[in-house]
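# Chains, contacts and geometry: an overview
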Amino acid sequence: KDWYKDFLRLIGENYRRMVIPQITNLDVETWTQMGEGGGMSKCYVTWDGDFKWGGPDDQYMGMLSGGLLGMSKRWWDESGGYDDKMLGWGGENIDQGVRMWVCGGEIVAA
């Protein structure tokens, strides 16, 4: 019920921070949460462009898993927001992830 407090704290510590939630593991029949906290949230892209789940056991992430994120409006504006030339679905997570790191930001798991 207080999930947003971690988001606000992490963003407040560094306005150039993108915060990614843990993707909850739901039972498809009942829509109830399975397990303690959910599924995975950490992911990365290899040098050959392959998207992978997992990563080291710290808060930092190489890439975001999709459009589930929190960040300051200031950093959203400074980093360019979503690319308006991306007309189809998919790839925005890679675009945003690379942009965060190249522009001096960071991506962390909440």
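The structure we're discussing is the one just above.
Note that this is a predicted model, so its numbers are computed, not measured.

This brings us to the overall build of the chain. Within the chain, the regular secondary structure consists of 3 helices and 4 strands. Taken from the N to the C terminus, the helices and strands of the chain come in the order α-β-β-β-α-α-β. Rg of the C-alpha trace for the chain: 14 Å, near the compact-globule value of 13 Å for 110 residues, within the 12% margin. In terms of overall dimensions, the chain has C-alpha extents of about 40 × 35 × 30 Å along its principal axes. Counting over 110 residues, the chain shows a buried share of 29%. Considering only intrachain contacts with a sequence separation of at least 6, the fraction spanning at least 24 residues in the chain is 52%. In the structure as shown, the chain presents an accessible area of about 7,300 Å², 56% of it carried by carbon and sulfur atoms.

What follows concerns the nonpolar core. In terms of nonpolar packing, the biggest core is built from 9 residues, these being Met18, Ile20, Met61, Leu64, Met71, Trp75, Met100, Ile107 and Ala109. Among the elements of the structure, strand 1 (17-20) and strand 4 (106-109) are those that each provide at least two residues to this core.

Another aspect to go through is the packing of aromatic side chains. Per the stated rule, a full pass over the model turns up 2 aromatic pairs. Seen in terms of ring centroids, Tyr15 and Trp75 are 6.2 Å apart; in terms of plane orientation they differ by 90°. Their pairing is edge-to-face. Taken together, the positions of Tyr15 in the loop between helix 1 (3-13) and strand 1 and Trp75 in helix 2 (residues 73-79) put the pair 60 residues apart, joining distant regions of the chain. We classify Trp75 as buried; its relative accessible area is 1%. Ring centres of Trp76 and Tyr82 lie 4.9 Å apart, and the angle between their planes is 80°; on these two criteria the pair is classed as edge-to-face. The ring of Tyr15 carries Arg74 above its face, with NZ or CZ at 3.8 Å from the centroid.

All of the buried residues along helix 3 (residues 92-102) are Asn93, Gln96, Gly97, Arg99 and Met100. One side of helix 3 holds all its buried residues, which, seen down the axis, span an arc of 165°. The inward-facing, buried residues of helix 3 abut strand 1, strand 3 (51-53), helix 2 and strand 4. Phi turns positive one or two residues past the end of helix 3, at Gly104, with a value near 95°.

Moving on: the pattern of salt bridges. For the coordinates displayed, the defined rule picks out 9 salt bridges. We note a salt bridge from Asp6 to Arg9, for which the minimum N-O separation is 3.6 Å. Of this pair, Asp6 and Arg9 both sit in helix 1, separated by 3 residues, roughly a single helical turn. By relative accessible area, Asp6 is classed as partly exposed at 37%. Here Glu106 and Arg17 are joined by a salt bridge, their closest N and O atoms 2.6 Å apart. Taken together, the positions of Glu106 in strand 4 and Arg17 in strand 1 put the pair 89 residues apart, joining distant regions of the chain. One exposure class covers both Glu106 and Arg17, and it is buried. Here the residues in one salt-bridge network are Asp6, Arg9, Glu13, Arg17 and Glu106, joined through shared partners.

Cut-offs applied
Residues numbered from 1 in each chain as written. Predicted model: local features only at pLDDT ≥ 70, side-chain atom pairs only at ≥ 80, totals over all residues. Heavy atoms only, no water. Helix = DSSP H or I, 4+ residues; strand = E, 2+ residues; numbered from the N terminus. Rg over C-alpha atoms; globule rule 2.2 N^0.38 Å. Buried < 20%, exposed > 50% of the residue type's maximum accessible area, 1.4 Å probe, protein only. Contact = heavy atoms within 4.5 Å. Areas by Shrake-Rupley, 256 points an atom, 1.4 Å probe, with all protein chains shown as cover. Core = buried A, V, L, I, M, F, W, Y, C linked by side-chain atoms within 4.5 Å. Phe/Tyr/Trp six-rings, centres within 6.5 Å; stacked < 30°, edge-to-face > 60°. Lys NZ or Arg CZ within 6 Å of the ring centre and 35° of its normal. Arc of directions from axis to C-beta. Salt bridge = Lys/Arg side-chain N within 4 Å of Asp/Glu carboxyl O.

Without other data, these values stay purely geometric and don't point to any function.
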